[in-house]
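So you can see what is in the structure, the chains are spelled out below.
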Number of protein chains: 2
Amino acid sequence: MPAIGDVARLAGVSKATASRALTGKGHVAEATRRRVEHAAAEIGYIASPDAASLVTGRTKNVGVVIPFVNAWFFGEVLEGIERALIGAGYDLTLYNVPPGGDDARSRVFDFFLARKRVDALIAVGVDLDEHEVAVLDRRDKPVLCLGGRAPGAARLSIDDRAVAQLATEHLLHLGHTRIAHLAGPGAAASPHSVPGERRHGFLEAMAAAGLAPGGRANIVETPMTMPGGYAAALQLLGQPGMRPTAVVACSDEVAFGTMRAAERLGIDVPGELSVIGIDGHEHAEMFGLTTIEQYPEEQGRVAVEVVLRLIARGDEPDPLPDSGAPLPTRLVVRSSTSRPRR
Amino acid sequence: MPAIGDVARLAGVSKATASRALTGKGHVAEATRRRVEHAAAEIGYIASPDAASLVTGRTKNVGVVIPFVNAWFFGEVLEGIERALIGAGYDLTLYNVPPGGDDARSRVFDFFLARKRVDALIAVGVDLDEHEVAVLDRRDKPVLCLGGRAPGAARLSIDDRAVAQLATEHLLHLGHTRIAHLAGPGAAASPHSVPGERRHGFLEAMAAAGLAPGGRANIVETPMTMPGGYAAALQLLGQPGMRPTAVVACSDEVAFGTMRAAERLGIDVPGELSVIGIDGHEHAEMFGLTTIEQYPEEQGRVAVEVVLRLIARGDEPDPLPDSGAPLPTRLVVRSSTSRPRR
DNA sequence: TTGAAAGCGATACCAG
DNA sequence: CTGGTATCGCTTTCAA
């Protein structure tokens, strides 16, 4: 296994020069650099990142903490992050931290992330507490939250409240008045979580239309999955009487479940029930789902961009793009929403 | 940032003893060990994995190469692998290598994996060529394939051919004779790929029943996604005449798309069309899909088990469990298959 | 059981 | 622009 000394010897230079030539840091005569590079190629030299990390303190490795891999939104984000990191020459170390898995979670933060294996952390859809941030901070590892929050950490996200508000307004403008919301887990309990913000946006839009919901029967919480949405929608639509004419689902997957439940119950969409989702899921078009698109893969890309800036910074101010403006979203109207039937 | 020297000093021992006490390798008096551990805890000592790797050559890190993150099967496998690795104290470095992304792929193998950052590689659903294996081999990194193949590497997989055969037989036994197959991409071109093996199993079962397909019209290749299955099924079912009465889909997602297409065309499932999938997707129950389950998360777990054995081995023979028997699968009959209508 | 010292493989400072 | 050398933090002989 050739080391840099071998390269140096073969090229007839010192290790120092070989290093400079290979890393590109420091000045080396063009001719020398070529000789070194040739030598390296010839013996198949590959630098040891461990040795380099040991002295530089940088690992060219970013950690990603994510609550699910197998949910569309998170999978897209992860792919986006991975692509961008690889493109920048960084490795991605994956930590799956599902909600409620507190033991696994503290293990990740106190054992894995406390070591110096990563240069930074991207936390996707997770709220970090002070202790967790402190662990990273003490080691000078920048933290970037995508979607979630962490005390004192950089943060990138869409405006969840505004998005839910817009979704609701879309239905209101169509003439609906009996609108229900399928909220994510913990929406009522954690007002600053993604489900909480979306629920808030829904309520705000309803209130602004003078439709303060009597009782909470028209908000049902559900896991943000298709079977979750299916079950919740059955519950919501099953009883006749004051059945809603429209549903704001907290995610496209929940919306798909809702459409499926409607079908099961013989309720026509959009004739008898309008459904709007949030996400821009890749299946939305196929199902004709009206939704508010966000762009998770692109979000992953941007997150990497920001985090690399955070790593490289010489202490510039806020490295967030667009001075921290929310990430872009877009309403896409399809065939799952229409005016309520007379 | 405390180093092992600090721990040693505080505990009143040498670095050597501190190291032995902390790593558990080598004999240390019980009393001494406790003193060292106390000292370490007191100053918040955390070992530098880089320094350790530099001398041991082990990184406690396993690379995972996977073609998709955002497809149910692969997401499950990835979660299973992650959980098992973390449980064993290993980091997981993720490399997403989509089919056809040859540039990205060679970058991963020749740049990222050629370095000594990982102790082993798990390749999920990817075939590796000799060069790619050689890169790892030369560095003594074991390779384990899950689903795919690599020359000379350990391999774990279900029996794809038998699975497709069984799926087809299920339909045959129900009395179907006009059975179509929605195959994965490259099924005809690459007989040893997963889609290829499944296609083969389908054809074998058909031939065994004396139903050698006239023409290839009853095998359509499609991306293994729901929209893919939808489009392919529209094409397959759209023309009346010799429309099949049953479909073997190469995956559950394709099966879902097929069911959706049938619905769109007003074809009743299972009355006019039986559909069987392969995977055991978490939505299968909700859609009433008959399928052959495999257990991707569990497969991930087993893969980790094997790969850790590969890393640790003192050159024992075949470290595959069950002497290389195929991974378990199970037929689950639901409401998407029935006897053909008279 | 413990300690002293020799590396592991690179980078970076300081001279020249 | 280039070379010598200290250094990063740990593990591991080799002796005691």
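Residues numbered from 1 in each chain as written. Chains lettered and ligands numbered in written order. Predicted model: local features only at pLDDT ≥ 70, side-chain atom pairs only at ≥ 80, totals over all residues. Heavy atoms only, no water.

**Some thoughts on the UniProt feature "domain: HTH lacI-type" (unreviewed entry) in chain A**
- Mapped onto the present numbering, the UniProt feature "domain: HTH lacI-type" (unreviewed entry) falls on residues 6-56 of chain A.
- Within the segment residues 6-56 of chain A, helix and strand shares are 71% and 0% respectively, and the terminal C-alpha atoms sit 21 Å apart. (UniProt positions renumbered as here; feature names shortened; annotations may be inferred. Helix = DSSP H or I, 4+ residues; strand = E, 2+ residues; numbered from the N terminus.)

**Some details on the relation of the copies chain B and chain A**
- Note on the copies: chain B fits chain A at an RMSD of 0.1 Å, the axial shift is 0.1 Å, and the rotation between them is 180°. One copy is carried onto the other by what is essentially a two-fold rotation axis. (Least-squares fit on C-alpha atoms with pLDDT ≥ 70 in both.)

**Some points on the packing of aromatic side chains**
- Scanning all chains against the criterion turns up 10 aromatic pairs over all chains.
- A centroid spacing of 4.7 Å and a plane angle of 75° characterise the contact between A:Phe111 and A:Phe112, whose relative ring orientation is edge-to-face.
- Ring centres of B:Phe73 and B:Phe74 lie 5.2 Å apart, and the angle between their planes is 90°; on these two criteria the pair is classed as edge-to-face. Comparing B:Phe73 with B:Phe74 shows no difference in burial state: the two are buried. (Phe/Tyr/Trp six-rings, centres within 6.5 Å; stacked < 30°, edge-to-face > 60°. Buried < 20%, exposed > 50% of the residue type's maximum accessible area, 1.4 Å probe, protein only.)

**Some details on the interface of chain B and chain A**
- Every contact between the two is made by 53 residues of chain B and, on the other side, 53 residues of chain A.
- Here chain B and chain A share an interface that buries about 4900 Å² over both sides, 57% of which is from carbon and sulfur atoms.
- For chain B, the biggest contributors to the area lost against chain A are B:Asn70, B:Arg117 and B:Met286; these three give 14% of the whole.
- Of the charged contacts, one joins B:Asp91 and A:Arg115 as a salt bridge, the two residues approaching to 2.7 Å between their closest N and O atoms.
- Viewed at the interface, chain A and chain B are joined by 22 residue pairs in polar contact (both at pLDDT 80 or more).
- If you list the elements that add at least two residues to the side of chain B that touches chain A, you get helix H4 (49-56), helix H5 (72-87), strand S2 (91-96), helix H6 (102-112), helix H10 (226-238), helix H11 (252-264) and helix H12 (284-287) of chain B. (Contact = heavy atoms within 4.5 Å. Buried area = accessible area lost by both parts, 1.4 Å probe. Salt bridge = Lys/Arg side-chain N within 4 Å of Asp/Glu carboxyl O. Polar contact = N/O pair within 3.5 Å; in protein donor to acceptor, adjacent residues only side chain to side chain.)

**Things to note about the packing of helix H1 (residues 4-11) of chain A against helix H3 (residues 30-42) of chain A**
All names here are of chain A.
- Contact pair H1 / H3: the axes reach a minimum separation of 8 Å and the direction vectors enclose 125°. When the axis of H1 is compared with that of H3, the two are oblique. The two elements H1 and H3 meet at a crossing, and its hand is right-handed. Every residue of H3 that contacts H1 at Val-7, Leu-10 and Ala-11 is listed here: Arg-35, Val-36, Ala-39, Ala-40 and Glu-42.
- Taken together, the residues of the contact of H1 with H3 sort by class into six nonpolar, no polar and two charged. (Axes fitted to C-alpha atoms, helices over the stretch in contact; angles between N-to-C directions. Parallel < 35°, antiparallel > 145°, perpendicular 65-115°, else oblique. Left-handed = near helix turned anticlockwise from the far one by under 90°. Nonpolar A, V, L, I, M, F, W, Y, C, P; charged D, E, K, R; others polar.)

**What to know about the pairing of strand S2 (residues 91-96) of chain A**
All names here are of chain A.
- With six of its six residues buried, S2 lies for the most part within the structure.
- Of the two faces of S2, the one carrying Asp-91, Thr-93 and Tyr-95 and the one carrying Leu-92, Leu-94 and Asn-96 are both buried.
- Summarising the sheet, strand S1 (residues 61-66) and S2 pair through six bridges and their orientation is parallel. Residue pairing across strands places Val-65 opposite Tyr-95, the latter belonging to S2.
- Crossover S1 to S2 through helix H5 (residues 72-87) is right-handed. (Pairing = 2+ DSSP bridges. Right-handed = clockwise from strand over helix to strand, strands pointing away.)

**As for the protein's contact with DNA strand D**
- Around DNA strand D, the structure places 26 residues, and the nearest of them are A:Thr17, A:His27, A:Thr32, B:Ile4 and B:Tyr45.
- Put simply, 66% of the atoms of DNA strand D that lie within 4 Å of the protein are in sugar or phosphate.
- Measuring from a phosphate oxygen of DNA strand D, one finds a side-chain N or O atom of A:His27 at 2.7 Å.
- Within the side chain of B:Lys15, a nitrogen or oxygen atom sits 2.9 Å from a base nitrogen of DNA strand D.
- No other element matches the five residues that H4(B) contributes to the surface near DNA strand D.
- Within the surface near DNA strand D, the residues separate by chemical class into 16 nonpolar, eight polar and two charged. (Near = heavy atom within 4 Å.)

**Details of helix H4 (residues 49-56) of chain A**
- Where H4(A) is concerned, the buried positions are A:Pro49, A:Asp50 and A:Ser53. Viewed end-on, H4(A) has its buried residues packed into an arc of 100°, placing them on one side of the element.
- Buried residues along H4(A) sit against H4 of chain B.
- A:Gly57, located one to two residues past H4(A), shows a positive phi value of around 85°. (Arc of directions from axis to C-beta.)

**Brief notes about helix H9 (residues 194-208) of chain B**
All names here are of chain B.
- The end-to-end C-alpha distance of H9 is 21 Å, a good match for the 21 Å that 15 residues give at a rise of 1.5 Å each.
- Burial in H9 covers these residues: Pro-195, Gly-196, Glu-197, Arg-198, Arg-199, Gly-201, Phe-202, Leu-203, Ala-205 and Met-206.
- On the buried face of H9, the contacting elements are helix H8 (160-174), strand S6 (179-183), strand S7 (219-221), strand S8 (246-249) and strand S9 (274-279).
- Here H9 starts with a cap whose side-chain oxygen sits 3.1 Å from the backbone nitrogen of Gly-196, and that cap is Ser-193.
- Just downstream of H9 lies Gly-210, where phi reads positive at about 70°. (Expected span 1.5 Å × (residues − 1).)

**Brief notes about the sheet that holds strand S9 (residues 274-279) of chain A**
Residues and elements named next belong to chain A.
- The strand order across the open sheet built from six strands is S7-S6-S8-S9-S10-S11, with neighbouring strands paired in mixed fashion. The open sheet has two free edges, formed respectively by strand S7 (219-221) and strand S11 (330-332), since each of these has just one partner strand. Taking each pair of neighbouring strands and ignoring which way they run, the sheet shows an average axis angle of 20°.
- With three bridges joining them, strand S10 (residues 290-293) and S11 adopt antiparallel strand pairing. Within S11, the residue paired with Ile-292 across the bridge is Leu-331.
- Strands strand S6 (179-183), strand S8 (246-249), S9, S10 and S11 of the sheet are contacted by helix H8 (residues 160-174), whose axis makes an angle of about 160° with S9.

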